[in-house]
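If you want the building blocks of each chain, they are given just below.
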Amino acid sequence: MKHILLAGGTGYLGSFIAVELKKRGYTLTVIVRKSSKSKDLHSIADHVIEGDLRDPKTYEGVFKNIDMVISTVGITKQKDNLTYMDVDYGINRLLLDEGEKNSIEKFVYVSVLHGNTLRDLAICDAKERFVDDLNHSFVESTVIRPSGFFSDMEEFYEMANRGRIYLFGDGSIKANPIHGRDLAKVCVDGLNLMESEIEVGGPEVLTHKEIGEIAFKATRKPIKITYIPDWVRKFLLKILPWFMNKYSFGPVEFFLNVMAMDMTAPRYGNKKLLEHFKSLIKKD
Ligand SMILES: NC(=O)c1ccc[n+]([C@@H]2O[C@H](COP(=O)([O-])OP(=O)(O)OC[C@H]3O[C@@H](n4cnc5c(N)ncnc54)[C@H](OP(=O)(O)O)[C@@H]3O)[C@@H](O)[C@H]2O)c1
């Protein structure tokens, strides 16, 4: 069976990909940084390699028997004061360098839906530069472009739990967020597909208002939604860079932009948001 190197296996999506790869019988090596919580991966992966993913020396000898790579490495919640160019571009570029040196068969990379039209955002600029590199490489690649993840929708649940949800605009913007388990199947399928890009979302297309209502249904609290005029969102985008450093502003900038965009992609999977929100109650 083919040997896959997974980078990002300690993250939300990566942890589901690791399980899916083993379920399908692949040999799995994960590469993680020393500081990360990789305990669960030790019982799933065949090999766990620890090191600084920004140091080219970490990759020495690692790719010798690797056939294909999947990477979900990227900054989501900023905690290291690194830039997107350091991580979303830089680490993935190092993985591709090693992949090219060792003539791997395939590189599957997770970017974002509409990332190529959002290149003025720091996160998308870095991700799409890497997509450009993949497109210029002789290594075959598939770029996965998901809509929002269920993990990100948890913010709606948190607000509902506190008793009130705040939305920008009139709540009519649509999205079809996807569960990590469903998306992991698409990423692993990507190893053997010819498509250079796959846009994908979850099975339910929902307005932000409907997502809020589902969050209230899960928490069994009365629906209380406050609609914030969209000019406030635009104003925040203008003034926040003056008050926040670029590391903290990056995720906020991405969030404030996608909250005003249609984020629907071809539907896939069967995991529903209500069940996900209900599963969070058990964790509370
Ligand atoms: N969340 C969304 O709605 C969404 C939508 C579309 C696309 N995406 C993209 O999909 C990808 C996966 O998302 P996710 O939610 O699974 O993210 P996540 O849970 O934050 O996982 C990110 C992974 O990247 C690794 N990483 C980050 N900084 C690193 C560094 N400096 N050195 C080494 N490893 C580093 C993390 O390792 P540690 O565990 O050590 O931190 C983790 O394994 C991201 O690139 C994200 O931008 C997300």
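Structure: see above.
Since the structure is predicted, the reported quantities are computational estimates derived from the model, not experimental observations. (Residues numbered from 1 in each chain as written. Predicted model: local features only at pLDDT ≥ 70, side-chain atom pairs only at ≥ 80, totals over all residues. Heavy atoms only, no water.)

Some details on the overall build of the chain
Step number 1: Within the chain, the regular secondary structure consists of 10 helices and 11 strands.
Step number 2: At 19 Å, the chain has a C-alpha radius of gyration in line with the 19 Å of a compact globule built from 284 residues.
Step number 3: Expressed along its principal axes, the backbone C-alpha trace of the chain runs to roughly 55 × 40 × 35 Å.
Step number 4: Buried positions account for 50% of the 284 residues belonging to the chain.
Step number 5: The long-range fraction of contacts in the chain, counting pairs at least 24 apart against all pairs at least 6 apart in sequence, stands at 76%.
Step number 6: Here the chain contributes 40 positively and 39 negatively charged side chains, and the mean placements of these two sets differ by 6 Å. (Helix = DSSP H or I, 4+ residues; strand = E, 2+ residues; numbered from the N terminus. Rg over C-alpha atoms; globule rule 2.2 N^0.38 Å. Buried < 20%, exposed > 50% of the residue type's maximum accessible area, 1.4 Å probe, protein only. Contact = heavy atoms within 4.5 Å. Lys, Arg positive; Asp, Glu negative; His and termini not counted. Charge placed at Lys NZ, Arg CZ, Asp CG, Glu CD.)

Things to note about the sheet that holds strand β1 (residues 3–7)
Step number 1: Ordered in space as β3-β2-β1-β4-β5-β6-β9, the seven strands form an open sheet in which the pairing is parallel. Single-partner strands in this sheet number two, and they are β3 (47–50) and β9 (197–200). With direction set aside, neighbouring strand axes in the sheet form an average angle of 15°.
Step number 2: The pairing of β1 with strand β2 (residues 27–32) spans five bridges and is parallel. (Pairing = 2+ DSSP bridges. Axes fitted to C-alpha atoms, helices over the stretch in contact; angles between N-to-C directions.)

Details of the environment of Ile281
Step number 1: By the secondary structure assignment, Ile281 is in helix α10 (residues 273–283).
Step number 2: Not counting chain neighbours up to four residues away, the residues in contact with Ile281 comprise Tyr157 and Ala218.

Section: the nonpolar core
Here is a general trend for soluble globular proteins: nonpolar side chains tend to be buried in one another's company.
Step number 1: Among the nonpolar cores identified, the biggest contains 39 residues, and Leu5, Tyr59, Phe63, Leu95 and Phe107 are the most heavily contacted of them.
Step number 2: Counting only elements with at least two residues in this core, the list comes to β1, α3 (84–101), β5 (106–110), α4 (122–136) and α9 (246–258).
Step number 3: Excluding residues within four positions of it along the chain, Leu5 makes contact with Thr29, Ile31, Val62, Phe63, Ile66, Met68, Val69, Ile70 and Leu95.
Step number 4: One finds Ile144, Cys187, Val188 and Leu191 within the second-largest nonpolar core, a separate group that totals 28 residues. (Core = buried A, V, L, I, M, F, W, Y, C linked by side-chain atoms within 4.5 Å.)

Quick notes on the pattern of salt bridges
Pairing of side chains with opposite charge becomes possible as their charged atoms draw close.
Step number 1: Counted according to the given criterion, the structure contains 19 salt bridges.
Step number 2: One salt bridge in this structure joins Arg24 and Glu20, with 2.8 Å as the shortest N-O distance.
Step number 3: For Arg24, a relative accessible area of 31% puts it in the partly exposed group.
Step number 4: A salt bridge links Arg24 to Asp189, with the nearest nitrogen and oxygen atoms 2.6 Å apart. Placement of Arg24 in the loop between α1 (12–23) and β2 and of Asp189 in helix α6 (residues 180–189) is noted, with a sequence separation of 165 residues between them.
Step number 5: Salt bridges sharing partners connect three or more residues here, namely Glu20, Lys23, Arg24 and Asp189. (Salt bridge = Lys/Arg side-chain N within 4 Å of Asp/Glu carboxyl O.)

Description of the packing of helix α8 (residues 230–243) against α9
Step number 1: Look at α8 against α9: their axes get within 10 Å of each other, and the N-to-C directions meet at 165°. Considering the angle they form, α8 stands roughly antiparallel to α9. Relative to α9, α8 is oriented so that their crossing is left-handed. Seen from α8, the contacting residues are Arg233, Leu236, Leu237, Leu240 and Pro241; seen from α9, they are Phe249, Val252, Glu253, Leu256 and Asn257. (Parallel < 35°, antiparallel > 145°, perpendicular 65-115°, else oblique. Left-handed = near helix turned anticlockwise from the far one by under 90°.)

Some points on the packing of aromatic side chains
Step number 1: Tallying each qualifying case throughout the model produces five aromatic pairs.
Step number 2: On the numbers, 5.5 Å between centres and 80° between planes, the contact of Tyr12 with Phe16 is edge-to-face. On the criterion of helical spacing, the pair formed by Tyr12 and Phe16 is a turn pair, its members being four residues apart in helix α1.
Step number 3: With 4.8 Å between their ring centres and 75° between their planes, Tyr109 and Phe130 make a pair best called edge-to-face. Placement of the pair is Tyr109 in strand β5 and Phe130 in helix α4, with a sequence separation of 21 residues.
Step number 4: Overall, the relative accessible area of 0% leaves Phe130 in the buried class.
Step number 5: A network of ring pairs unites the aromatic residues Tyr12, Phe16 and Phe149 as a single cluster. (Phe/Tyr/Trp six-rings, centres within 6.5 Å; stacked < 30°, edge-to-face > 60°.)

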